[in-house]
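What the coordinates show
The residues making up each chain are set out below.
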Amino acid sequence: MGRAEIRRFQRASEAAAAFLKAHLTGESRIKIITHTDPDGIAASAILARCFYSYNTPFHVKFTRPLKPAEIAELGKEDYDLFVFLDQGSGQVAAVHKFVLGAGHDVLILDHHPGEFPELSNFTHLNPHACGLNGAKDVGAAGVAYSVIEHIDKNFRPLVGLAAVGAIGDRQEFFSGFTGVNETLVKRAVDLGLIRVSEGLKLVGRELSPVVECLRLCMRPYLPGLSGNLAACRALVDTLALSPGATLVELGSEAERKVRDVIFTRVGHVAINEDFCHTLWGMVYELTANEVVGPRDVREYAAMLDACGKLRKPEIGFAAALGDRVACNEALGLLRRYQEQMVRVLGWLNAHMDVFKVTPSMRYIYTGREVGPTMIGEALSLAMESGLVATDRPVVGMANGEGDELKISARATPGLAMEGLNLGLILTRVAGEVGGDGGGHDVSAAARIPRERMDEFMAKLDQALIGVV
Ligand SMILES: [Mn+2]
């Protein structure tokens, strides 16, 4: 992965910018189809900011990747240009048939694997087509930013939203960013649009009193502290810190002290590398006034994530467009989501003995204790927090609607490099028991009939034995 690939991506971004610019005359009506996660919301806000400044009318639809039948319906809508964000690369055949086929122009800005055919009235920008890895080198927000940066340099402060999308998609690693993300962030630092320092990577470091920041901490989950107001107050008292001040206000000296006390408190996990790196490391601060909302990039991503998870992506979108009222509402959603997730992680932490271990996986059936919309993220957070060992895939099962069982599976990038692809495996095994599945190599989900749970788990175990 090198400079040649990044240059190739930059040239492809310029071509996409030229294609898009032809639609910014005020004559075209544009439909944006984007994902409800932080990356999808940030990507759509980046494009929307560009469209506003060119007085170009548009609509945004927040959705999971559309199925062919839904794309067929979409093709009947009356727009001149359809822009697919954070999706589309895997649906090129249906987009070709139903949207291009209906005479509309199409721009796909995605970072998921897919097909990249040459078609007319069609431009497709995707890191995979340039020899880069879309799982880590750039997300949809970074792809969208790379395009509009070529339309007008005045959009450069929006690079902060590209960083928000990348962090939201877990594309920042303990060693930093890679690929296009690395290039974008380095340049943003040089331009004075992002400031990088070392500190506690906690959501709330900028906007919450330190006691609240610790109490609502889910990344990492702090055993004995998260969800426990009295314990958090005691910790802050021990250090003689002002409980109403934020970590940012308290300064880096205090942050180090808080970190060291946390390490002592959580003792048994403190030696866990995941936990240490999730707690402490690079902190990214937005310095451009053009982006309204939290200055801390991780907090911004968490805010958009909560909006998506609580099914209000449009609130996060409005916040990212600069609407301060929406931003306050979005921060309220973040607090609500943190309360829910800290409770879920508290339950998991108290029920570690419910996890079963086979040679190929660790799994837990949470029944109704953990909801179907929380289980996948709860597993990711439990792994990042060192609560669950990551030596093999981790699978969670939660009761969904009716007799449906929601399955979520997670694995480390290390296992993916050894050839594991949870997305492919869950798609196949769920299909064998009358369900639906899909996802990425390290993160996948499925829905199956609950009465076939045992059969599913036996088949999944068999499928994993070959690769883990
Ligand atoms: Mn994405």
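Residues numbered from 1 in each chain as written. Predicted model: local features only at pLDDT ≥ 70, side-chain atom pairs only at ≥ 80, totals over all residues. Heavy atoms only, no water.

**So, the overall build of the protein chain**
A tally of regular secondary structure across the protein chain gives 19 helices and 13 strands. In terms of overall size, the protein chain behaves like a compact globule, its C-alpha atoms giving a radius of gyration of 22 Å where 468 residues would be expected to give roughly 23 Å. With the principal axes as the frame, the protein chain shows a C-alpha extent of 65 × 55 × 40 Å. A separation threshold of at least 6 residues defines the contact pool for the protein chain, and within that pool the share at least 24 residues apart is 68%. As displayed, the protein chain has an accessible area near 19100 Å², and 51% of this comes from carbon and sulfur atoms. Here the protein chain contributes 49 positively and 57 negatively charged side chains, and the mean placements of these two sets differ by 1 Å. (Helix = DSSP H or I, 4+ residues; strand = E, 2+ residues; numbered from the N terminus. Rg over C-alpha atoms; globule rule 2.2 N^0.38 Å. Contact = heavy atoms within 4.5 Å. Areas by Shrake-Rupley, 256 points an atom, 1.4 Å probe, with all protein chains shown as cover. Lys, Arg positive; Asp, Glu negative; His and termini not counted. Charge placed at Lys NZ, Arg CZ, Asp CG, Glu CD.)

**Topic: the coordination of the manganese ion**
The protein atoms that coordinate the manganese ion are Asp-39 (OD), Asp-86 (OD), His-111 (NE2) and Asp-169 (OD), at distances of 2.2 to 2.3 Å. All donors of the manganese ion belong to a single chain; written as a sequence motif, their spacing is D-x46-D-x24-H-x57-D. With Asp-86 in the loop between strand S3 (81-85) and helix H4 (92-100) and His-111 in the loop between strand S4 (105-109) and strand S5 (122-125), this residue pair connects regions lying 25 residues apart in the sequence. Under the relative-accessibility criterion, His-111 is labelled buried at 6%. (Donors = N, O, S within 2.8 Å, 3.2 Å for Na, K, Ca; no water. Buried < 20%, exposed > 50% of the residue type's maximum accessible area, 1.4 Å probe, protein only.)

**A few points about the pattern of salt bridges**
What the rule picks out here adds up to 26 salt bridges. Across the pair Arg-195 and Glu-285 runs a salt bridge, and its minimum N-O distance is 3.0 Å. Pair noted here: Arg-195 is in strand S6 (residues 194-200) and Glu-285 is in strand S7 (residues 280-286), with a separation of 90 residues, a long-range link. Ionic pairing is found between Arg-447 and Glu-404, a salt bridge with its closest N-O pair at 2.8 Å. A residue pair is termed long-range when its members are at least 10 positions apart, and Arg-447 in strand S13 (residues 443-449) and Glu-404 in strand S11 (residues 404-410) qualify at 43 residues. When salt bridges that share partners are traced, they join Arg-170, Arg-219, Asp-305, Lys-309, Glu-377 and Glu-384 into one network. (Salt bridge = Lys/Arg side-chain N within 4 Å of Asp/Glu carboxyl O.)

**Some details on the packing of aromatic side chains**
Throughout the structure, instances matching the rule amount to 7 aromatic pairs. Measuring from ring centre to ring centre gives 5.3 Å for Tyr-52 and Phe-58, while their planes differ by 75°; the resulting arrangement is edge-to-face. Here the aromatic rings of Phe-62 and Phe-317 are separated by 5.6 Å at their centres, their planes lie at 70°, and the arrangement is edge-to-face. Taken together, the positions of Phe-62 in strand S2 (residues 58-62) and Phe-317 in helix H14 (residues 313-321) put the pair 255 residues apart, joining distant regions of the chain. Taken together, Phe-51, Tyr-52 and Phe-58 form an aromatic cluster joined through their ring pairs. Sitting over the face of the ring of Trp-280, Arg-259 holds its NZ or CZ atom 4.3 Å from the ring centroid. (Phe/Tyr/Trp six-rings, centres within 6.5 Å; stacked < 30°, edge-to-face > 60°. Lys NZ or Arg CZ within 6 Å of the ring centre and 35° of its normal.)

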